[in-house]
Every structure is written in structure tokens, then in C-alpha cells.
Amino acid sequence: MDIEQVKKLVCEVIDKNSEKIIEFSKSIEKNPELGFKEKKTARKVADIFDDIGLKYKEGIAITGVKAKLKDKNDGINVAILGELDAVICRGNKNTDSETGAAHTCGHHLQLGALIGAAIGLKLSGISDELHGNVTFMAVPAEECIEVSYRQKLREQGKLHFMGGKQELIYRGEFDDIDIAMMMHSLKDSPKPTAAIGLTSNGCIAKTINYAGKIAHADEAPEEGINALNAAMLGIAGVNALRETFKDDDYVRFHPIITKGGEVVNCVPDDVRLESYVRAKTVDAMIKANKKVDRALKAGGDAVGAKTIIKNIPGYLPLKCSKELNSVFKENCKKLLPEESILDAGHFFASTDMGDVSQLIPSIHPYIGGVSGLLHAKDFNVEDYNAACVLPAKLLAMTIIDLLSDNAKKGKSIIKNFKPIFTKQQYLKLMNEFNN
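From a predicted model like this one, the values you see are computed outputs, not experimental measurements.

What counts as what
- Residues numbered from 1 in each chain as written.
- Predicted model: local features only at pLDDT ≥ 70, side-chain atom pairs only at ≥ 80, totals over all residues.
- Heavy atoms only, no water.
- Helix = DSSP H or I, 4+ residues; strand = E, 2+ residues; numbered from the N terminus.
- Rg over C-alpha atoms; globule rule 2.2 N^0.38 Å.
- Buried < 20%, exposed > 50% of the residue type's maximum accessible area, 1.4 Å probe, protein only.
- Areas by Shrake-Rupley, 256 points an atom, 1.4 Å probe, with all protein chains shown as cover.
- Polar contact = N/O pair within 3.5 Å; in protein donor to acceptor, adjacent residues only side chain to side chain.
- Pairing = 2+ DSSP bridges.
- Contact = heavy atoms within 4.5 Å.
- Axes fitted to C-alpha atoms, helices over the stretch in contact; angles between N-to-C directions.

As a further point, take the overall build of the protein. Counting its secondary structure elements, the protein contains 13 helices and 19 strands. For the protein, the C-alpha radius of gyration of 23 Å lies close to 22 Å, the compact-globule estimate for 435 residues. Its C-alpha atoms give the protein principal-axis dimensions of roughly 85 × 45 × 45 Å. The buried share of the protein, reckoned over its 435 residues, is 57%. Of the roughly 18200 Å² of accessible surface on the protein, 50% is carried by carbon and sulfur atoms.

So, about the environment of K333. You can see K333 is positioned in helix α9 (residues 322-335). Take K333: its relative accessible area is 47%, and that puts it in the partly exposed class. Taking C-alpha positions, K333 is 9.8 Å from A194, a pair spaced 139 residues apart along the chain. At a separation of 3.1 Å, a polar atom in the side chain of K333 contacts the side chain of E330.

Each strand in a sheet pairs with its neighbour through backbone hydrogen bonds, running either in the same direction (parallel) or in the opposite one (antiparallel). Taken in spatial order, the 4 strands of this open sheet run β8-β17-β9-β15, and their pairing is mixed. The sheet terminates laterally at β8 (184-185) and β15 (341-347), the two strands that pair on one side only. Inspection of the sheet shows strand β9 (residues 194-200) paired to strand β17 (residues 366-367) by 2 bridges, in the antiparallel sense. Looking at the pairing, A195 lines up with Y366 of β17. Along the sheet face, α9 touches β9, β15 and β17 and points at about 170 degrees away from the line of β9.

The side chains of a regular strand alternate between both faces of the sheet. In this sheet, strand β2 (residues 64-68) lies alongside strand β1 (residues 56-60) in antiparallel orientation, the contact comprising 4 bridges. Bridge pairing in β2 places Y56 opposite A67. Count of turn residues in the β1/β2 antiparallel hairpin: 3 residues, of which A61 carries a positive phi of about 50 degrees.

So, about the environment of L159. Within the secondary structure, L159 sits in the loop between α5 (147-155) and α6 (164-170). Once the C-alpha coordinates of L159 and L296 are considered, the two residues, 137 residues apart in sequence, prove to be 28 Å apart.

In C-alpha cells, the structure reads:
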């Protein structure tokens with residue numbers, strides 16, 4: 001069958017099932033769950049796989065679900081990913097009042113695109129036209145939040161890393177995958193749009209604990225060591241460093257104080273912060289992180305407090321495959337007007353898709369259909385067809401290009417790709433961050 005005929009057939013099946021895809025996304029949106037707790041969400045994905053006849057594994061990295069189009073993994077294997085977790089964002093119309101979880105990250109739309117592509121590729125019956133296999137992965141815990149909870153999971157031996165894709169890499173779930181693709185919602189873009197990006201910041205997460213000495217804040221402050229003052233000086237020290245960061249490294253440091261003291265009339269002796277150090281490259285991340293740690297420690301030294309800094313592997317910078325982006329863009333041209341296909345350039349936030357992109361050819365385009373900002377209470381889906389049905393078609397069409405004609409394009413992309421790290425080098429680096 002001609003490639004364009006195969007694409008047309010798959011898109012027709014996706015259109016025929018568009019209501020099912022949209023209802024699935026809405027169901028996820030109304031029942032948001034946080035990272036490594038996405039049991040109901042994972043079950044809904046598994047139910048869809050059951051319904052369309054895909055075999056799958058569940059419970060990978062606690063809540064992940066992984067299905068394959070074909071039983072036999074002949075040839076190259078291309079994965080489509082979607083993220084299970086929500087972010088904490090109070091005030092959105094779909095926020096869980098108990099946990100604060102909300103899909104203002106747009107992950108419910110990724111999952112819609114994931115299951116939409118699975119429906120199209122499976123129910124169209126075109127798998128024999130593809131020279132290779134397709135993996136559909138619903139992955140946990142992309143949002144790097146609830147650090148204390150994840151640290152407990154590590155202590156219990158349930159996790160090695162705190163990000164979902166990192167943990168899946170560690171557990172070998174990407175060992176059989178040659179190319180990976182996913183999409184992300186594009187902020188403030190209510191109309192059908194595709195923005196094709198190339199890079200994003202990576203990050204190192206960290207917790208900072210300033211340990212001082214308690215004393216009466218009014219009667220004998222000289223007897224205490226003020227840990228809150230230490231924290232303020234540490235933050236000021238980092239602010240004084242900002243001019244030393246190169247502009248094109250896109251360094252970011254944005255702390256929050258999670259504990260500022262116990263009571264007003266006592267000198268604070270236990271003050272805690274969390275933050276990320278973000279940058280465009282691994283080298284810039286490491287250099288900036290050393291500077292930040294030095295400044296934070298100086299805050300404690302200035303007042304005589306003890307400074308305890310825990311670095312936690314965040315996410316490596318995203319580096320998309322230009323060749324794979326080009327294949328995706330050509331499919332965008334078939335479904336969108338030229339003015340609706342944008343160059344997204346560099347994305348300043350971070351994603352654990354960055355870790356995957358350092359190992360295998362990957363893309364992470366941004367798709368419209370939503371209004372408001374990401375992770376903000378005004379985030380809203382304006383057009384579900386644009387937000388999850390359209391990307392389902394684009395991802396499925398790209399799969400067809402990669403695996404048709406004896407997987408010529410897919411093999412070319414793999415051959416031309418130069419990984420930044422081997423899996424062993426990657427794990428070594430991440431364990432070094434985890435100090």
C-alpha cells in the first residue's frame with residue numbers, strides 16, 4: 001500500500017474514534033494524580049490497551065504502562081510517550097481539592113495523543129506495512145516535585161531516581177527502543193498549532209537545610225544562630241553571582257523556602273529550601289551548580305549555621321534530532337497551514353525527555369489548542385481536537401514515515417545520530433549528581 005494511503009487510513013480511524021480519545025483525555029483531566037501515585041490514570045490507559053487488543057506491561061517504575069503494536073520486535077522500535085502525572089496547581093477548575101493536583105501541565109492531552117496514535121495504528125490493521133515495531137509508553141512522574149515523598153520511595157528501595165523516564169532508563173525499559181517521540185501542550189495557543197523545538201534547559205534539583213541554634217528572639221537573640229538569616233544571605237549570594245552566568249547558557253535559580261522557622265519569638269534554628277539550578281548544557285549545569293552551592297554555604301558560614309546541601313539528579317537538557325524534527329514537520333504541512341507551524345527554538349523549562357534525547361534520537365514538539373500558561377490556574381483546553389486528536393495523527397503519520405520502505409528513514413536517523421552518552425555513562429553521571 002502507498003505510504004500516503006496508509007496515513008489516510010490511520011487518520012480516518014483516529015477521526016472515527018475522536019470522541020473516545022477526547023473523553024479519555026477529559027476523564028484524566030478531571031482525576032489528576034501526582035507522580036508515582038498515578039494508579040487510576042495508569043489503569044485507564046491499560047483499559048484502552050485492553051479494549052483495542054494491545055498486550056502491555058504495567059507497574060513499571062511503580063505506575064508506568066508499556067504496550068507494543070506487534071508481539072515480535074522485528075527491526076527498529078519507535079516509541080510514543082505520554083506522561084501520567086499532574087502538577088500541583090491550586091485554583092484551576094479541575095484541581096483536586098485534597099492534593100492540589102491539576103493537569104495544567106497538559107499531560108492528559110499527551111495521553112490522549114498517545115492512545116489516539118495507538119488506536120489509529122492498531123485498529124487500521126496496517127501493522128504489516130511497518131518494517132519494525134511501535135511501543136506506546138505511559139510514563140510516570142515527569143514533574144520534579146514532592147521531593148521528600150520520592151526520597152522516601154528511594155529509601156524503601158522502590159526507586160533509584162526520582163524522575164519517571166530516568167527510572168525507566170535505569171530499569172532497562174528503553175533498552176529495546178531506538179527512537180522516541182512525544183508532544184507537549186503549547187502555552188497561550190488556542191488554535192491548531194505545531195511548534196517544533198530543538199533544545200531545552202536541564203536542571204539539578206536540590207534541598208538546602210540551614211541548621212542554627214534556637215534562642216529567645218527578643219530576650220537573648222545573641223545566644224542563637226539565625227538559620228533564616230543564613231538562608232537570606234545564601235539567596236543574596238546567588239543573586240550576586242547572576243552576572244557571572246553566560247547569557248547563552250540560560251542559567252536559572254529559583255528557590256522556595258519550605259520551612260522558615262517554628263514560632264515568631266524564637267530564633268529560627270531549622271530553615272529549609274528547595275530549588276533547581278537550570279542551564280542549557282550539562283557542562284553549564286555543573287559549573288553553575290558549583291557556584292550556587294558555594295554561595296549558599298557562604299550564607300551559613302556568615303552567621304555560624306551549618307549548611308547541608310543535597311543535590312538530586314534533575315533532568316538533562318533536551319536535544320532534539322533535527323532529522324526527526326524534519327519528518328514530523330513534513331507531516332504538519334499536510335494537516336496545518338504554514339503559518340501555524342512555528343519554530344519553537346529553545347524551551348527554558350526542563351523535562352526528563354531531555355534524558356532520553358541524550359541517548360537516542362528524540363523529539364518533543366509543542367501543540368496548540370489551549371489557552372493560559374503552563375502550570376498556572378488559567379490553563380484551559382479550548383479545542384480538544386487540536387490539542388490531542390491532531391497530535392495523535394501527526395505522531396502516527398511520523399511513525400509510518402519512519403517504518404515504511406524497510407524503515408529507510410528510521411534507520412537513517414539512527415545511523416546519523418550521535419548520542420551524548422551511552423547508558424552506562426548516563427547512569428554514572430546521574431549517580432554523581434546524587435551526592
